[in-house]
Amino acid sequence: MAHSLLQSPPSSSSFASSLFPRAFTLQSLCFDHSRTPITTLKFDVVQPPHCVKGKPVIPVINEPKLPKFLELAKNGRTVNRNGNKLKLFSGSANPALSQEIAWYMGQELGKIAIKRFADGEIYIQLQESVRGCDVYLIQPTCPPANENLMELQIMIDACRRASAKNITAVIPYFGYARADRKTQGRESIAAKLVANLITKAGADRVLACDLHSGQSMGYFDIPVDHVHCQPVVLDYLASKRISSKDLVVVSPDVGGVARARAFAKKLSDAPLAIVDKRRQGHNIAEVMNLIGDVKGKVAVMVDDMIDTAGTIAKGAALLHEEGAKEVYACCTHAVFSPPAIERLSGGLFQEVIITNTIPVADKNYFPQLTILSVANLLGETIWRIHDDSSVSSIFL
């Protein structure tokens, strides 16, 4: 059974309740990217409200039960959680996720001033000392990718010039990751270029979530900790108590077969199906046929990101034509470029399950959307990096 993946700890555990707080919304913590002259951003610890002016909201799911992949953390013996000389700073790309990570770790976000001048230039000043500290800069390079990438580099440079001992760039979503190879002549490999920019800016380590391809880790000349967010999605799916006999995991394209196979193996060793498609151009996909049987089954489509949703929407339509009973879409990074929302909310999907590596704008909420938080996973990983403990043991 799928629900066998979950192993619930005793309900009386105070650690579990503090590790996974009750669900709250990103809506109240979203950041306005408007380019007003000389806007200063300061991030302080605040308590999240339970509602926002009576509007319907999409919750960030933080299960109160301790997930299997973090069981070892509950006794506190595996990691020495000494916050001395550890500093967390958030960029402007996803302050809500940064705040959640700080809450999990029992830390406060460092004080930082971020200004944008009238001509668009970025100015950053750390407002507390980082001399001799291990600094973690949390900044996904999500849209607007170029601004957030430049902001991250300036943050790294500011820490380096302030004599930080170690600088770790925590990049929940690594932009330009899809440009990881040359598919035709005279193309740039932008993923390698961005890796060089981050390294040259002064980063000593990178922590990233679900890179588009594993080869991107090799583009960095510094250590890379690659965190997989699959356990967060798996635990949520297990809670839905879908019979393993009814499940089939579907890869929306041939390139994602390895990812889907690993997902299926952990989801009660579910069978695998593959959507064969031919791409006519960037952000344009055409479904050709289906490899595998989905008739009468609950299909779970797995991908690392959803951009315009063309690939996954056409794949879902094909699955329904082939007799699938329900279709779930699961991804880590919700880029949601137009017309993604229209495609995802058009009735093809029973549920669209994403994580909060990228903030979701209010206008992009729709009834089938579920957002899972990766803050606890990233917070635990940061603790282990800081303590020189094993990161891979989280996923065993």
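Structure first, text after, so check above.
Just so you know, these numbers come straight off a predicted model, no measurement behind them. (Residues numbered from 1 in each chain as written. Predicted model: local features only at pLDDT ≥ 70, side-chain atom pairs only at ≥ 80, totals over all residues. Heavy atoms only, no water.)

1. Re the sheet that holds strand S6 (residues 134-138)
Rule in force here: Strand pairing is assigned whenever DSSP detects at least two bridges linking the two strands. Each helix is a run of H or I in the DSSP string that is no shorter than four residues. Each strand is a run of E no shorter than two, and both are numbered from the N terminus. To obtain each axis, a line is fitted to C-alpha atoms, and for helices this fit is confined to the stretch in contact; angles are then taken between N-to-C directions over 0 to 180 degrees. Pairs of residues are marked as contacts when any of their non-hydrogen atoms sit within 4.5 Å.
Within the open sheet, the five strands sit side by side as S3-S6-S7-S8-S9. Their pairing is parallel. Of all the strands in the sheet, just strand S3 (86-90) and strand S9 (224-227) have a single pairing partner and so form its edges. Neighbour to neighbour, the strand axes of the sheet diverge by 20 degrees on average, direction disregarded. Here five bridges tie S6 to strand S7 (residues 166-171), and the two strands are oriented parallel to one another. Bridged to Tyr136 within S7 is Thr168. The sheet strands contacting helix H9 (residues 375-386) are S3, S6, S7, strand S8 (205-209) and S9, and the helix crosses S8 at an angle near 155 degrees.

2. Side note on the pattern of salt bridges
The test is simple: What counts as a salt bridge is simple: a side-chain nitrogen of Lys or Arg found within 4 Å of a carboxyl oxygen of Asp or Glu. When accessible area is computed with a 1.4 Å probe and restricted to protein chains, residues below 20% of their type maximum are described as buried, those above 50% as exposed, and intermediate ones as partly exposed.
Summed over the entire model, instances satisfying the criterion amount to twelve salt bridges. Between Arg161 and Asp157 there is a salt bridge, and its shortest N-O distance comes to 2.8 Å. With a gap of four residues between them, Arg161 and Asp157 both fall in helix H3 (residues 145-161), about one helical turn apart. A residue is classified by how much of its surface remains accessible, and Arg161, at 61% relative accessible area, is exposed. Through salt bridges with shared partners, a single network forms among Arg116, Glu147 and Glu151.

3. Regarding helix H6 (residues 257-266)
Side chains of residues three or four places apart in an α-helix project in the same direction, reflecting 3.6 residues per turn. To keep it simple, the criterion reads: What the arc covers is the set of directions going from the helix axis to the C-beta atoms.
Among all positions of H6, only Val257, Ala260, Phe263 and Ala264 are buried. Considered in projection along H6, the buried side chains sweep an arc of 125 degrees and stay on one side of the axis. Turned more than 90 degrees away from the buried face of H6 sit Ala258 and Lys265, all of them exposed. Just downstream of H6, Ser268 is the residue with a positive phi angle, here 55 degrees.

4. Some words on the packing of helix H2 (residues 95-105) against H9
In plain terms, the rule: Here is the rule for angles: anything less than 35 degrees is roughly parallel, anything more than 145 is roughly antiparallel, 65 through 115 is roughly perpendicular, and the remaining ranges are oblique. Take the far helix as the reference: if the near one is turned anticlockwise from it by less than a right angle, the crossing is left-handed, and if turned clockwise, right-handed. In this count, Pro and Cys sit with the nonpolar residues alongside Ala, Val, Leu, Ile, Met, Phe, Trp and Tyr, while Asp, Glu, Lys and Arg are called charged and the others, Gly among them, polar.
Running from N to C, H2 and H9 cross one another at 60 degrees; their axes reach a closest spacing of 8 Å. Taken as axis vectors, H2 and H9 run oblique relative to one another. By crossing handedness, the relation of H2 to H9 is classed as right-handed. Only Ala375, Asn376, Leu378, Gly379, Glu380, Ile382 and Trp383 of H9 make contact with H2, whose side of the interface consists of Leu97, Glu100, Ile101, Tyr104 and Met105. In the contact of H2 with H9, the residues fall into eight nonpolar, two polar and two charged.

5. Remarks on the pairing of strand S5 (residues 122-126)
Here S5 shows one buried face, formed by Ile122, Ile124 and Leu126, and one open face, formed by Tyr123 and Gln125. As paired elements, strand S4 (residues 112-116) and S5 share five bridges and run antiparallel to each other. Counterpart to Ile114 in the pairing with S5 is Ile124. Where S4 folds back on S5, the antiparallel hairpin that results is connected by five residues, among which Gly120 adopts a positive phi of roughly 95 degrees.

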